[in-house]
Each structure stands twice: as structure tokens, then as C-alpha cells.
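Okay, here's what each chain looks like letter by letter:
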Amino acid sequence: MTTDRPAIAGGTPVRSQMLPYGHQRISQDDVDAVAEVLRSDWLTTGPTIDRFEAALADRLGAAHVVAVNSGTAALHAAYAAAGLGAGDEIIVPSLTFAATANAALYLGARPVFAEIDPATLMLDPRSVSERIGPKTRAICVVHYAGAPADLRAFRELARTKGLLLIEDAAHAFGAAADEGLVGARAQLAAFSFHPVKILTTGEGGAVATSDGDKARALRIFRNHGITTETRERERAMSWHYQLVTLGFNYRLTDIGAALGLSQLREVDGFLARRRAIAKKYLQAFAGVPALRTQDTDAERSAWHIFPVAIVPAALRVDRDEVVRALRLENIGANVHYDPVHLHPLYRERLGHRPGDLPVTEDVASRLVTLPVHPNMTDDDIDDVIRALCRIVSYFAA
Ligand SMILES: *Cc1c(COP(=O)(O)O)cnc(C)c1O
């Protein structure tokens, strides 16, 4: 054991440069595509937006896609299109990025947190069912880490209780569900194109929907609540416009759309690389008693992140110490997420306390995120495996 001492115990780090947990991959084609838009007439709300939306719809197999300027805007627009308003409730997991819940607060609605299944890390249908009440209007399922959540039970719940089923697919662009790609047949699915996500527009997002009326509502919502866009008015030689609802400026730029369109041409390669990395991790950690990987089909997940849960009984140190030890090996380990309901905002606004969601709190306290991104080399993957294995064997109980 002294021969493979981790850096945190005085050994030499497995690598000398920090490996980030996520990173964009930008090609010369991406740079050229952006430069071309910069020389054109339309920097925003121009023809590249239409092309990007059409390409996204085509790639996902979705009827309608509306591009917006962040994944958070996509969630806000989707919740608004679902009719969520003051006093309404939406059931969400707490093991997610804050935006999943915040988007409900933006509309004066209340996010009601349900438990997750500790093996899949996805919302637990039984817990969701227990929390449905007279004010419940929607359920938002998060496709955690990019794995496609099993939606069958949620579709049934939504159908029988008259609820909208919304999908936070920020992690899951390209993930394969039973009925096609995640978002293909969604009532409302929100994607993010932040640089660490599967493909990027800098900042950006999109909502996929199978419902034409909702697509129209989303377009109005992203443009202040105005029924026409600048180019439509220009074509119609009209200078009047009508504000029919209170919307926001959530428009994506054509600069971002050009980057996204170019990234979309390479997304199959990105996904293949992420899956190859995840499969190497799964193989390496399969027999390690201190580690548990997510219960999912490696070929179907988009692997936005690679979560691994530690088994406390098998280790002399806690999760935070494992993350610290990985960072000292120059592995950019991370945590996704501290439960949303325990942030000060949610304790104050909704009165949450530790113990409210025991399953979520327990899993969340044991999860470590390992690096996954298409720039990673085989040596990078080996470094991550070697670092984590030396840490858990050194600190084995
Ligand atoms: C990234 C993310 C968002 C928000 O996306 P942004 O583009 O950063 O606004 C929402 N939900 C989840 C689960 C995310 O990971």
C-alpha cells in the first residue's frame, strides 16, 4: 500500500495538469461557422436560428424545437407553456441543478421535491405519486447524468391525474429512450447548450415539443410576449406588433445558433466518445467494493457526467475527502449535486430542513462526478481510473 500512496497522503499525483470534469470541443469548422455569421446581416433572430431549430428537430425526431438563450430559459418557457402559474405545484427531484426548481419559483409556483431511486438516480414514481395533490399541475423528470429516465410510470400518472409531463433533458441530448431519442415525443423537453453539456452554443438551450400550440406559446414567451418576430414584420412591411402576454427576452443569437449547427454535425462523435469513456470506467469499477455506478444502459446514456457513489462502510474517509484526494491527483472531480431543497433559498422560502428527503440526501452525500468529455485521451481515462483506485484502496476500511 505504501508503494501506491495517493497525493493526499504524500505520494506523487497521477498527472501534473488538472483534468477538468467537463469541457467543450471546438473545431475549425465551428470557428468558421461563427465567423460567417459575424459577417452576415443577422446576429440574432435571423435565418441561422431557423436552420438550427430545423436541424435539432430533425436530429431528435421531434415535431417542434424552439431555441432559447439558456437551458434555464428553456425550463422557464416550458413550465410557462405547461400553464404553471401562481399557487400551482410541480413535482421535481432535488438531485438536480437549481434551475429545475427555480423555474417554478419564477412563475410563482411551488416546486415539490420527490425522492429518487438510489440505483438509477432518477425520480421515483411512487414518491411522486404520494406528492400529487389538488394544486399539482406537472411533473418534471430529470434525465440525470444523461441516462434516459424510464417514463412509463410517469406517463401513466400524468394521464390519469391530468398533469403535464416535462423533461429536464439538459444532460441528455442524444440519449436513447425506448420510443426514440429523449425529447422526440415529449410534451415538453428542455435542453441546455452550456459548454459542459453534450453540444454547445456558448450559452443556449431549446425546448422540444410534440404540440404545435405549445411551440407557438414558447416562441411568443421567448420574445417578450410579442406575436411576430422582426423578420416576419419586415417581410410583411409592417411596423405594428402586439404584446399578448408577459414574456421575456430569451432569444438565442445567430452566433450561438451557428456554433450549435456546426456542433450538431459532430455530435455523434461526441456521444460515441462519452460512451467509450463511461464503458472504461464501468469496467474498471465493476469489482471495487467501495464504489457503485449508476444503474443504466451505457449504450443509451449521453453520459454528460459520470456519477459514482462511494460505499461509506468500505472506506475510512467520506465523500468530500475522496473529492479532495482526486483534486490533489489533478483529477477535476466534482459533485452533482448538493440537494436543491437544502440551499438557504429553499430552506427560507419553502421551510425545508435536512431529513426532508432522506434517500436523496444520503445518495447525494456519497456521489462523486468523474470527468467525461470528448477531448479526453485514453491516457486521461487511465489517469482517472488509477487515481480513484489508488485512493479507495489506500483508504479501504
Ligand atoms: C445545465 C442545467 C440546467 C440549466 O442550463 P443552463 O444552460 O446552464 O441555463 C438545467 N437543468 C440541469 C439538470 C442542468 O444540468
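Going by the structure above, here's the rest.
To keep things clear, this report deals only with the structure shown in the data block. Quick caveat: nothing in here was measured; it's all calculated off a predicted structure.

Some thoughts on the overall build of the protein
Logical step 1: A count of helices and strands for the protein gives 14 helices and 12 strands.
Logical step 2: Radius of gyration (C-alpha) of the protein: 22 Å, near the 21 Å computed for a compact globule of 397 residues.
Logical step 3: Principal-axis analysis of the C-alpha atoms places the extent of the protein at approximately 80 × 55 × 35 Å.
Logical step 4: By residue count, 56% of the 397 residues in the protein fall in the buried class.
Logical step 5: Across the protein, every contact between residues at least 6 apart in sequence was considered, and the portion connecting residues at least 24 apart equals 72%.
Logical step 6: Looking at charge distribution, the protein has the averaged site of its 43 positive side-chain charges lying 2 Å from that of its 47 negative ones.

Some points on the side chain of N330
Logical step 1: Among the structural elements, N330 can be located in the loop between helix 11 (319-328) and helix 12 (344-350).
Logical step 2: Look at N330 and you get buried, because its relative accessible area is 17%.
Logical step 3: Not counting residues up to four positions away in its chain, the partners in contact with N330 are P13, R15, S16, Q17, M18 and L19.

A look at the pairing of strand 9 (residues 205-209)
Logical step 1: The buried fraction of strand 9 amounts to five of the five residues, a majority that puts the element mostly inside the structure.
Logical step 2: Pairing geometry for strand 1 (residues 64-68) and strand 9, over five bridges, is antiparallel. Each bridged residue has a counterpart across the sheet, and for V65 the counterpart in strand 9 is A208.
Logical step 3: Strand direction decides the pairing type here: strand 8 (residues 188-192) and strand 9, joined by four bridges, are antiparallel. Paired with A190 across the strands is V207, a residue of strand 9.

Focus: the sheet that holds strand 11 (residues 306-310)
Logical step 1: Across the sheet, three strands lie side by side as 10-11-12; this open sheet has antiparallel pairing. The open sheet terminates on both sides in strands that have one partner only, identified here as strand 10 (291-293) and strand 12 (367-370). Across the sheet, the axes of successive neighbouring strands diverge by a mean angle of 35°, strand direction being ignored.
Logical step 2: In this structure, strand 11 lies alongside strand 12, joined through four bridges in antiparallel fashion. Counted as the bridge partner of A309 is L367 from strand 12.
Logical step 3: Relative to the sheet, helix 10 (residues 267-285) contacts strand 10, strand 11 and strand 12, its axis offset from that of strand 11 by approximately 15°.
Logical step 4: Along the sheet, helix 11 contacts strand 11 and strand 12; its crossing angle with strand 12, the most-contacted strand, is approximately 20°.

A short note on the packing of aromatic side chains
Logical step 1: Applying the stated criterion across every chain, the model contains 14 aromatic pairs.
Logical step 2: Considering the side-chain rings of F221 and Y250, the 6.1 Å spacing of their centres and the 55° angle between planes classify their relative orientation as tilted. On the criterion of sequence distance, the pair formed by F221 in helix 7 (residues 212-221) and Y250 in the loop between helix 8 (230-235) and helix 9 (254-264) is long-range, its members being 29 residues apart.
Logical step 3: Owing to a relative accessible area of 8%, F221 belongs among the buried residues under this scheme.
Logical step 4: We classify Y250 as buried; its relative accessible area is 15%.
Logical step 5: Centre to centre, the rings of Y394 and F395 are 5.0 Å apart; their planes meet at 85°, and the pair counts as edge-to-face.

Observations regarding helix 3 (residues 71-81)
Each turn of an α-helix holds 3.6 residues, which means side chains three or four residues apart point in the same direction.
Logical step 1: Burial of helix 3 is extensive: nine of the 11 residues sit out of reach of the surface.
Logical step 2: For helix 3, the set of buried residues is G71, A73, A74, L75, H76, A77, A78, Y79 and A81.
Logical step 3: Looking at the residues trailing helix 3, positive phi occurs at G83, about 85°.

Description of the site of the ligand
Logical step 1: Surrounding the ligand, one finds 15 residues, the nearest of these being G71, T72, H171, S192 and K197.
Logical step 2: In this structure, an oxygen atom belonging to the ligand sits 2.7 Å away from a main-chain N or O atom of G71.
Logical step 3: For the ligand, an oxygen atom lies 2.7 Å from a polar atom in the side chain of S192.
Logical step 4: Here the ligand, which alone exposes 380 Å², has 91% of that area covered by the protein.
Logical step 5: Mapped by element, the contributors of at least two residues to the shell around the ligand are helix 3 and helix 4 (99-106).
Logical step 6: Considering every element that reaches the shell around the ligand, the biggest residue donor is helix 3, with three residues.
Logical step 7: Of the residues contributing to the shell around the ligand, the split by class is five nonpolar, eight polar and two charged.

Examining the packing of helix 1 (residues 28-38) against helix 9
For any two helices packed against each other, one specifies the inter-axial angle together with the distance between the axes.
Logical step 1: Two numbers describe how helix 1 lies on helix 9: the axes approach to 8 Å, and their chain directions differ by 150°. Relative to helix 9, the element helix 1 is oriented roughly antiparallel. Considering only the axes of helix 1 and helix 9, their crossing is right-handed. Every residue of helix 9 that contacts helix 1 at D29, D30, A33, V34, V37 and L38 is listed here: D254, I255, A258, L259, S262 and Q263.
Logical step 2: Its residues assigned to classes, the contact of helix 1 with helix 9 shows seven nonpolar, two polar and three charged.

Some details on the sheet that holds strand 4 (residues 136-142)
Logical step 1: Pairing is mixed in the open sheet, where seven strands are placed in the order 1-9-8-5-4-2-3. Looking along the sheet, the strands with just one partner apiece sit at the ends: strand 1 and strand 3 (110-114). Averaged over all pairs of adjacent strands, the angle between their axes in this sheet comes to 25°, without regard to strand direction.
Logical step 2: Relative to strand 3, strand 2 (residues 89-93) runs parallel, the two sharing five bridges.

Conventions we followed
Residues numbered from 1 in each chain as written. Predicted model: local features only at pLDDT ≥ 70, side-chain atom pairs only at ≥ 80, totals over all residues. Heavy atoms only, no water. Helix = DSSP H or I, 4+ residues; strand = E, 2+ residues; numbered from the N terminus. Rg over C-alpha atoms; globule rule 2.2 N^0.38 Å. Buried < 20%, exposed > 50% of the residue type's maximum accessible area, 1.4 Å probe, protein only. Contact = heavy atoms within 4.5 Å. Lys, Arg positive; Asp, Glu negative; His and termini not counted. Charge placed at Lys NZ, Arg CZ, Asp CG, Glu CD. Pairing = 2+ DSSP bridges. Axes fitted to C-alpha atoms, helices over the stretch in contact; angles between N-to-C directions. Phe/Tyr/Trp six-rings, centres within 6.5 Å; stacked < 30°, edge-to-face > 60°. Near = heavy atom within 4 Å. Polar contact = N/O pair within 3.5 Å; in protein donor to acceptor, adjacent residues only side chain to side chain. Areas by Shrake-Rupley, 256 points an atom, 1.4 Å probe, with all protein chains shown as cover. Nonpolar A, V, L, I, M, F, W, Y, C, P; charged D, E, K, R; others polar. Parallel < 35°, antiparallel > 145°, perpendicular 65-115°, else oblique. Left-handed = near helix turned anticlockwise from the far one by under 90°.

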